[in-house]
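One letter stands for each residue in the lines below.
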Amino acid sequence: MSAPQRIVCLTEETVETLYLLGQEDRIVGVTGYAVRPKRVRQEKPRVGAFTSADIPKILALRPDLVLTFSDLQADIAAELIRAGIEVMAFNQRDVAGILRMIRMLGRLTDCTDRAEALAQGFETRIATLRANAPDHRPRVYFEEWDDPMITSIGWASDLIEIAGGTDCFAHLRHEASAKDRIVTSEDVIAAAPDIIVASWCGKKVRPEKIAARPGWGMIPAVAQGRIVEIKSPLILQPGPAALSDGLDAMIAAIFPKDVPPC
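What you see is a predicted model, and the numbers here were worked out from it, not measured in a lab.

Draft legend 1. Spotlight on the side chain of Gln 92. The topology assignment puts Gln 92 in the loop between strand 4 (87-90) and helix 5 (95-108). Of note is the side chain of Gln 92, whose polar atom sits 2.9 Å from the backbone oxygen of Pro 238. The residues contacting Gln 92, other than those within four sequence positions of it, are Glu 13, Phe 69, Gly 97, Ile 98, Met 101, Trp 155 and Pro 238.

Draft legend 2. Representation of helix 6 (residues 112-131) within the structure. Over its 20 residues, helix 6 runs 28 Å from end to end, which matches the ideal 28 Å to within 8%, given 1.5 Å per residue. Among the residues of helix 6, Ala 115, Leu 118, Ala 119, Phe 122, Arg 125, Ile 126 and Leu 129 are the ones counted as buried. All buried residues of helix 6 lie within an arc of 120° about the axis, which places them on one face of the element. Facing away from the buried side of helix 6, by more than 90 degrees, are the exposed residues Asp 113 and Ala 131. Tucked into the core, helix 6 has its buried residues touching helix 1 (12-20), helix 5, helix 7 (154-163) and helix 12 (240-254).

Draft legend 3. Structural context of the nonpolar core. Within the largest apolar cluster, 49 residues are counted, with the highest numbers of intra-cluster contacts made by Phe 142 and Met 250. Of the residues forming this core, the biggest block, seven residues, is contributed by helix 12. Setting aside residues no more than four positions away along its own chain, Met 250 makes contact with Phe 142, Ala 156, Leu 159, Ile 160, Ala 163, Val 197, Ile 230 and Ile 235. Core analysis: the second largest hydrophobic core is formed by 18 residues, Phe 169, Val 188, Ala 198 and Trp 200 among them.

Conventions and cut-offs
Residues numbered from 1 in each chain as written. Predicted model: local features only at pLDDT ≥ 70, side-chain atom pairs only at ≥ 80, totals over all residues. Heavy atoms only, no water. Helix = DSSP H or I, 4+ residues; strand = E, 2+ residues; numbered from the N terminus. Polar contact = N/O pair within 3.5 Å; in protein donor to acceptor, adjacent residues only side chain to side chain. Contact = heavy atoms within 4.5 Å. Expected span 1.5 Å × (residues − 1). Buried < 20%, exposed > 50% of the residue type's maximum accessible area, 1.4 Å probe, protein only. Arc of directions from axis to C-beta. Core = buried A, V, L, I, M, F, W, Y, C linked by side-chain atoms within 4.5 Å.

Here you go:
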């Protein structure tokens, strides 16, 4: 079976991975959220958002494979399948899943060696950070959304631990559904995080609004002004960005004056 030659990527992490593997010529369409690498915005046509897609435009591109992510794109996948298009749905929810996705894309595009090298590079850095973990691990509350407050998406929770922190709500990291990761103000106050890291998908974080929440003045992170935004393209896409720039940003948020070496 020959490797696919005309690929449409409906989430940004597969776009970035294929570019890193030197397979960008296979990509014929991308999600509107694709921003890595920067040149993708000029090079590839946009064919949808995240939970919506321009099906006629995708079909006009004659793809031999469409890559999707999670149950949130299930309806899009079903419509494409009914139209006779081959679809692969990834569902990576943690760092281990991201590494599997990279290796699988390598197999799909006949570049297993490059994919293995890319994955091993990430694994080596992660192992080094774990081996040099600090004795004191600050408590971190990660906020994926503000209303309702959603926390601890799997790979972000992993990155907190890898970076040397402790996720206040690590017990929720295996909950795939966002509704199962909703927390209350009382939950966060009781958790008493040392640092608040926020990344509100698709909108700017407002630290002053977080700090002004009733009762939050007693939280150590708020009292010490340690509310940090990490841009969502770095941390909320489960791919290379999260394992590189996203991890760097997490380390800098937790240890702003003493960033562990790469």
